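One letter stands for each residue in the lines below.
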There are 2 protein chains.
Amino acid sequence: MKRAGEFSLIDFFLSHFPRPRVPVGPGDDCAVLAPSRGAQCITTDAVVEDVHFTRAWFSPEDIGHKALAVNLSDLASMGARPRWFVCALALPRDYPRPALGGIARGMSALARTHGIALVGGNFTSARELSITITAAGELPRGTAPLTRAGGRPGDVLYVSGTLGEARLGLSLLQAGRRRAPAILRQKRPEPRVALGRLASRYASAALDLSDGLAQDLGHLCAASRVGAELDLEALPLTPAVRAALGPEGALAGGEDYELLMAVPPERTSVFERACLRAEEAVTRVGRLTPDAMGRIRTGRGRAPRLPAGFDHFRRGRQGAD
Amino acid sequence: MKRAGEFSLIDFFLSHFPRPRVPVGPGDDCAVLAPSRGAQCITTDAVVEDVHFTRAWFSPEDIGHKALAVNLSDLASMGARPRWFVCALALPRDYPRPALGGIARGMSALARTHGIALVGGNFTSARELSITITAAGELPRGTAPLTRAGGRPGDVLYVSGTLGEARLGLSLLQAGRRRAPAILRQKRPEPRVALGRLASRYASAALDLSDGLAQDLGHLCAASRVGAELDLEALPLTPAVRAALGPEGALAGGEDYELLMAVPPERTSVFERACLRAEEAVTRVGRLTPDAMGRIRTGRGRAPRLPAGFDHFRRGRQGAD
């Protein structure tokens, strides 16, 4: 459904994206897509002004990138190949058109990188800027999805990339800094789509790290009904994160959008070789244990005093912290 | 992707819906759905506080109903069978849990009526309440979708139900009234899903009336590259709408969520018989003409002074009017 005042906004926004190759594209009441061959993975996620970004710190391109990236990260964690998305924008009435173009450009560049097609959109007016995306990916025919629930005791835990940088980036922004590698990680998370598809051939379970390893590992353990042992010394941290947050701070770092994967021990060496060939950085950080309570322990056998992790509802808003 | 503060909210919200019969339901990073047999119709639409509803005039159940109804109406206009939806809620921090339960109940009741399954959701905090839904329907295998673009000169125009009531309902609310049939039409639009599936066997083009007949007919004419002639005397109006708005006011009535359908003349009699059998009320209101400029004229050959139609971006907000 489109309303009249939207038309030029929608056309302007869509003009930044290639016309999707589907039976009916944007502009009608619905997009029409050919039947999918494999199973479909569906996710919906929103970014809201002053919660997930501020206009002062994020360029329109950053906002458009992040809105799509958080959805692609969910597809990555299931091992899905990105296929299509729809984008609902809520815009303040005075939101400048050049900034809308910037959002479209940031989103379109990331969409092109991952071969995902924008097939529909919607505009509404609102007091604060927000972008809600629903994205769909496809699993190769006959492939099982990589869920949170498949982990077994003894599986080795891996994380991709490095942890805690997005959180450090947010702290730096709050402290008045405007340029640093960690700030880029906060503004432009890179969804691990290729790694997710690779991992789906080896891993028993996976999820993407949006709330911090401590909390997200808890979700994996709960879904798989296992416990876990973490080696805090092994966490992949940049020197800046090690100095500013330390391993326990990095555990609570939200918005990393790295993948956490559980790999059965008999497959770890082929998995590691495959990652090496694909130039995907992964690090062993622990293993799953038979603890049915989902307890997480450090390598020294003590339950660590884990920080609470990242929680938009409990902490203050990004701009108000 | 779920964040920690969301968990109990999401579980509470989902508990009002039946567990969908899909390979992976809500709770993981993505829902996983079996491949669709027919083509998929996808739409995304949002309702925003003080734009599409106010908390003073709409019960939580009304809000939940309307948020899903506007999406189902888009599926209806394509002739699709509703299959699944995802729901992203943006909630003020102090939004009461019983009210959230009311939203879920209103949405769930309508979902049950139309056999559509909630497969995923997302919560974020926000200053104003809004609900963004992405819904998917399926076309029977081998069926063409009913788009806006298939109309041909000579096709007969039909509308379902009656026009202008939702607009009248809004005026009554603004005037301090709280109970009237027209107010119910404003709060609880009924998507014409069964009629849309019936019409897809006979009609050449269709869309749902969200912006008022004047404006939406203009969209159909533009997409089909035809003009139209409207018989203002034939518009189906309740006595209350006739008295309060008249035919020209009803033309501009937004949010009716009735269907506008173009039917080739050789199929009108079978179409009308099929509607009669199915107890779907439809009314002939005009026909498409060869005017490539998309002009709309009344039966007397003059271009009517058509009101502008319903436009959230140009008019004031619902609560501020």
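Throughout this document, residue positions are counted from 1 along each chain, in the order its sequence is written. Chains carry letters and ligands carry numbers; both start at the beginning, A for chains and 1 for ligands, and go up in the order they are written. Note on the predicted model: pLDDT of at least 70 is required for a residue's local features to be given, and 80 or more for side-chain atom pairs to be given and counted; whole-chain, interface and lining totals, by contrast, use all residues.

A. Summary view of the interface of chain A and chain B. Taken together, the 63 residues of chain A in the interface contact 62 residues of chain B. Each helix is a run of DSSP H or I of at least 4 residues and each strand a run of E of at least 2, with the numbering of both proceeding from the N terminus. For the side of chain A that touches chain B, the secondary-structure elements that each account for two or more residues are strand 1 (31–33), strand 2 (40–48), helix 2 (60–78), strand 3 (81–91), strand 4 (117–125), strand 5 (130–138) and strand 7 (205–208) of chain A. Considering every element that reaches the side of chain A that touches chain B, the biggest residue donor is strand 2 of chain A, with 8 residues. In the sheet, strand 1 of chain A pairs with strand 2 (residues 40–48) of chain B via 3 bridges, with the strands oriented antiparallel. What sits directly across from Val32(A), in strand 2 of chain B, is Cys41(B). Residues are defined as contacting one another if the C-beta atoms placed from their backbone atoms lie within 7 Å. In this scheme, strands are said to pair when DSSP sees at least two bridges between them.

B. Highlighting the domain arrangement of chain A. Residues and elements named next belong to chain A. By convention here, the domain bounds are inherited from an automatic or database domain assignment. Here chain A is described as being made up of domain 1 (6–138) and domain 2 (156–298). Inter-centroid distance (C-alpha atoms) of domain 1 to domain 2 is 26 Å. The interface is formed by 18 residues belonging to domain 1 together with 17 residues belonging to domain 2. Every element with two or more residues in the side of domain 1 that touches domain 2 is listed here: helix 2 and strand 3. Looking at the side of domain 1 that touches domain 2 element by element, the count peaks at 12 residues for helix 2. All residues other than Ala, Val, Leu, Ile, Met, Phe, Trp, Tyr, Cys, Pro, Asp, Glu, Lys and Arg, Gly among them, are scored as polar; the first ten of these are nonpolar and the last four charged. For the side of domain 1 that touches domain 2, the class distribution of residues is 9 nonpolar, 5 polar and 4 charged.

C. Expanded view of unusual backbone geometry. All names here are of chain A. Positive phi values are uncommon outside glycine, yet Glu255 reaches one of about 65 degrees. Looking at the element boundaries, Glu255 is found in the loop between helix 9 (246–251) and strand 9 (259–263). A residue is classified by how many C-beta atoms lie within 10 Å of it, and Glu255, with 25 of them, is buried. One non-glycine residue, Tyr257, lies in the positive phi region at around 55 degrees. You can see Tyr257 is positioned in the loop between helix 9 and strand 9. In this scheme the burial state of a residue depends on its C-beta neighbours within 10 Å: 20 or more other such atoms mean buried, 12 or fewer mean exposed, and anything in between means partly exposed; the C-beta positions come from the backbone.

D. Molecular detail of the sheet that holds strand 2 of chain A. The 5 strands lie next to each other as 4(A)-3(A)-5(A)-2(A)-1(B), forming an open sheet whose pairing is mixed. Both edges of this open sheet fall to strand 4 of chain A together with strand 1 (31–33) of chain B, since each of them pairs with a single strand only. Neighbour to neighbour, the strand axes of the sheet diverge by 20 degrees on average, direction disregarded. Two elements, strand 3 of chain A and strand 4 of chain A, share 8 bridges in a ladder whose sense is parallel. Its bridge partner being in strand 4 of chain A, Cys87(A) is matched across the sheet by Gly121(A). For every element, the axis is a line fit to its C-alpha atoms; helices are fit only across the contacting stretch, and the angle between N-to-C directions ranges from 0 to 180 degrees. Here helix 2 of chain A sits on the sheet and contacts strand 2, strand 3 and strand 5 of chain A; the angle it forms with strand 2 of chain A, its principal contact strand, is near 150 degrees.

E. View of the pairing of strand 10 (residues 282–289) of chain A. Residues and elements named next belong to chain A. Where strand 6 (residues 156–160) and strand 10 come together, 5 bridges link them in antiparallel fashion. In the sheet register, Val156 faces strand 10, and the bridge partner there is Arg287. Across 4 bridges, strand 8 (residues 227–230) lies against strand 10 in antiparallel orientation. Counted as the bridge partner of Gly227 is Thr289 from strand 10.

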